[in-house]
Amino acid sequence: MEKQALVLAGGGARAAYQVGCLRAIARRVPDYRPEILTGISAGAINAAHLASFRGGWADSVEALCTLWLSLDTEKVFKTELRDLLRNMLNAVAPLVTGGRLRRKQVRGMVDTQPLRCFLESALPLEEGGLRGVRENLADGLLDSLAIVTTNYETGRSTAWVESATRRDLGRGQLRVEVGRVGLEHVMASSALPLFFPAVALRHAWHGDGGIRLTAPLSPALHLGATRILAVSPRMRPADPASLPELPALPLYPSPGQIGGVLMNAVFLDSLDFDALQMSRINGLLGALPEAARASAGLRPVEVMVLRPSRDLGVLARKNEFRLPRAFRFFEKGLTGSHAKSSDVLSMIIFEPEYLRELVELGEADTLARGDEIEAFLRGGACAVPVW
């Protein structure tokens, strides 16, 4: 039987782009409702909300859109000058004194207690998990929810799965924990490394789910997906051969610029590679007789990846002035003022005007590919571009 999966990758504030894509799809294909939901990093917030919502799919997407558009930076982390200075001093003191002066241990550069409070009011919580997930599983509206985190003790990815059926999912570097999924799992998965504090789960500290997940499509695949729609909040990389030659050597990259490249490598590059590998495997399976595929337990899995048509780092830089003043002061020192784009900033600016632009861009990009997306969701194939 056909089993649709929706994979929502990470990227902090960039996850608002996913909401725009889903909003356009819900209007174009009103009968679309994925049975498998996988959330990685900030995509965990979206997956948890959609999986726990009691009602129609279109209504759940609209409610998720309302949630994102009601956010601002101060609802995600504390931006007061004293809080930022205290965290910076706690981080720098051991470094400059060779460990002799140890202040309070730093658990992230910012305090995300505001985000926890926001999600406590936004998600339907009950003791032990998310209210509504069990009901949707029982009603057949949902087959599985998977939230992915990174275990800082072992360095392995962990998929926290709440499912209607039990499967043998522990493969490779992915550890699977079956049970109720709750707020702590969402907070851990969306904890950007170093920037947001890690969360304690099962006697270990867990952080952002995208750090070690080299195959972001694998949780959905192991949960039985036959068709995967993935939303990547990163513009398709330009062909190096098509880039114009710079007239002179540019300024030395700032720490923020280097950090942005690392963030993309951690969260987004692996999705592109995984989709490409899946496309190649499908091509190989297509050359095998159906009987041979069946005897080997192999099946083709169609994949479509949606991505922005614009550089979200450029969009974030244009909205930089909306950040709270104290936070903007320190951010300027990190990223520099000469860069036209900031991938780091695009992940941590949660101002409503910027988030609205991301939602609208997601809608526009999806509508532009409306015929192709609808054909895919209704059973067609998708050719994944070679990057």
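Report follows, based on the coordinates.

Thresholds, definitions, all that
Residue numbers restart at each chain and count upward from 1, following the sequence in its written direction. Two thresholds apply to this predicted model, a pLDDT of at least 70 for residue-level local features and 80 or more for giving and counting side-chain atom pairs, whereas whole-chain, interface and lining totals are computed over all residues. The side-chain numbers reported here are obtained from all heavy atoms of the structure, hydrogens and water having been left aside. Counted as salt bridges are all cases of a side-chain nitrogen of Lys or Arg within 4 Å of a carboxyl oxygen of Asp or Glu. In this description a helix means any DSSP run of H or I spanning at least four residues, a strand means any run of E spanning at least two, and both kinds are numbered starting from the N terminus. We call a residue buried when its accessible area falls under 20% of the maximum for its residue type, exposed when it is over 50%, and partly exposed in between, using a 1.4 Å probe and counting protein chains only. Centres within 6.5 Å are what make two rings of Phe, Tyr or Trp a pair, Trp counting through its six-membered ring; a difference in plane orientation under 30 degrees is then read as stacked, over 60 as edge-to-face, and the rest as tilted. Expected span of a helix, by definition, is 1.5 Å for each gap between consecutive residues, and there is one gap fewer than residues. It is the directions from the helix axis to the C-beta atoms that the arc portrays. Contacts were defined at the residue level, with two residues in contact if any of their heavy atoms lie within 4.5 Å.

## Comments concerning the pattern of salt bridges
And then number 1: This structure, assessed with the given rule, holds 18 salt bridges.
And then number 2: The salt bridge partner of arginine 227 is glutamate 2, with a shortest N-O separation of 2.5 Å. Within this pair, whereas arginine 227 is found in strand β10 (residues 227-231), its partner glutamate 2 is found in the segment before β1 (4-8), the two being separated by 225 residues in sequence.
And then number 3: Measuring nitrogen to oxygen at the nearest pair gives 2.7 Å for the salt bridge that ties arginine 28 to glutamate 374. You can see arginine 28 sitting in helix α1 (residues 16-28) and its partner glutamate 374 sitting in helix α16 (residues 370-377), a full 346 residues away along the chain.
And then number 4: Given the relative accessible area of 33%, arginine 28 is considered partly exposed.
And then number 5: It is possible to trace a salt-bridge network through shared partners that takes in Arg28, Asp31, Asp371, Glu374 and Arg378.

## As for the packing of aromatic side chains
And then number 1: Tallying each qualifying case throughout the model produces 4 aromatic pairs.
And then number 2: The interplanar angle of 85° and the centroid separation of 6.2 Å between the aromatic rings of tyrosine 32 and tryptophan 57 together place this pair among those described as edge-to-face. Here tyrosine 32 is found in the loop between α1 and β2 (36-40), whereas its partner tryptophan 57 is found in helix α3 (residues 57-69), with 25 residues between them in sequence.
And then number 3: On the basis of relative accessible area, tyrosine 32 is assigned to the buried category, the value being 4%.
And then number 4: Between the aromatic rings of phenylalanine 77 and phenylalanine 196, the centroid separation amounts to 6.0 Å while the plane-to-plane angle is 55°, which identifies the pairing as tilted. In this pair, phenylalanine 77 is assigned in the loop between α3 and α4 (81-96) and phenylalanine 196 in the loop between α7 (183-189) and β8 (199-201), connecting sequence segments 119 residues apart.

## Points about α3
And then number 1: For α3, which comprises 13 residues, the first-to-last C-alpha distance of 19 Å matches the rise-based estimate of 18 Å (1.5 Å per residue) to within 8%.
And then number 2: For α3, the set of buried residues is Trp57, Ser60, Val61, Leu64, Cys65, Leu67 and Trp68. The buried residues of α3 occupy one face: seen down the axis, they fall within an arc of 160°.
And then number 3: On its buried face, α3 sits against β1, α1, β2, α2 (43-52), α5 (113-122) and α15 (352-368).

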